[in-house]
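# Fold and contact review
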Amino acid sequence: MKPIVATQSASAIVADKERGRHELQIDASTLYAAAPVGAGGFLSSSPFTMGGHRWRIRYYPNGNRVETKGYVSVFLFLDQDVAEPVTARCLLTLVAETHMASVISADLLGLAVASGAVRVEGVDPPAFRALLRYAYTDSLP
């Protein structure tokens, strides 16, 4: 009788996919002048290529339909005709820039240069520290 020999095997399923990144900047100072009024109106990004396909990002400043009016909607849009369905996954990260930090920095720097110290009257130090942290990091303690 032959002894039983244990064997092992392994395999993997690797999807044929491309990863990439596209950064869209929306200039808030000119956005409102160009933004369409009412639900369903959108602004579109310039086309970009990812995964062998042409895409655009559509930005609906007042929702993409009546039910979402008053909200912002953002969609990844396939900007070409294709023979076969295309599947894409995307991650949207919103980064809100604040100019408050640079304004506070400039104001405090101006005070510090003039007097050698910054004195802020009538403000609780922990509250002011929390304000500065929020201005520079967009996070609360």
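Residues numbered from 1 in each chain as written. Predicted model: local features only at pLDDT ≥ 70, side-chain atom pairs only at ≥ 80, totals over all residues. Heavy atoms only, no water.

### Let's talk about the packing of aromatic side chains
On inspection of all chains with the given rule, the structure shows two aromatic pairs. Relative to Y60, the ring of F42 lies with its centre 5.2 Å away and its plane at 45 degrees, an arrangement referred to as tilted. Residue F42 is located in the loop between helix 1 (28–34) and strand 1 (43–44), and its partner Y60 is located in strand 3 (residues 53–60); the two are separated by 18 residues in the primary sequence. On the basis of an interplanar angle of 90 degrees and a centroid distance of 5.7 Å, the ring pair of Y60 and F75 is categorised as edge-to-face. Linking Y60 in strand 3 with F75 in strand 4 (residues 73–78), this pair joins segments that are 15 residues apart in sequence. Exposure remark for Y60: the relative accessible area of 9% places this residue in the buried category. Residue classification places F75 among the partly exposed residues on the basis of a relative accessible area of 39%. Aromatic rings pair up to connect F42, Y60 and F75 into one cluster. Here the basic side chain of R58 rests over the ring of F77, its NZ or CZ set 3.6 Å away from the ring centre. (Phe/Tyr/Trp six-rings, centres within 6.5 Å; stacked < 30°, edge-to-face > 60°. Helix = DSSP H or I, 4+ residues; strand = E, 2+ residues; numbered from the N terminus. Buried < 20%, exposed > 50% of the residue type's maximum accessible area, 1.4 Å probe, protein only. Lys NZ or Arg CZ within 6 Å of the ring centre and 35° of its normal.)

### Description of the pattern of salt bridges
Counted by the stated rule, this structure contains four salt bridges. Close ionic contact of D79 with R54 constitutes a salt bridge, the shortest N to O distance being 3.2 Å. A residue pair is termed long-range when its members are at least 10 positions apart, and D79 in the loop between strand 4 and helix 2 (100–115) and R54 in strand 3 qualify at 25 residues. The class for R54 is partly exposed, based on a relative accessible area of 37%. Taking the shortest distance from any N to any O, the salt bridge between R56 and D79 comes out at 2.8 Å. Of the two residues, R56 sits in strand 3 while D79 sits in the loop between strand 4 and helix 2, which places them 23 residues apart along the sequence. Through salt bridges with shared partners, a single network forms among R54, R56 and D79. (Salt bridge = Lys/Arg side-chain N within 4 Å of Asp/Glu carboxyl O.)

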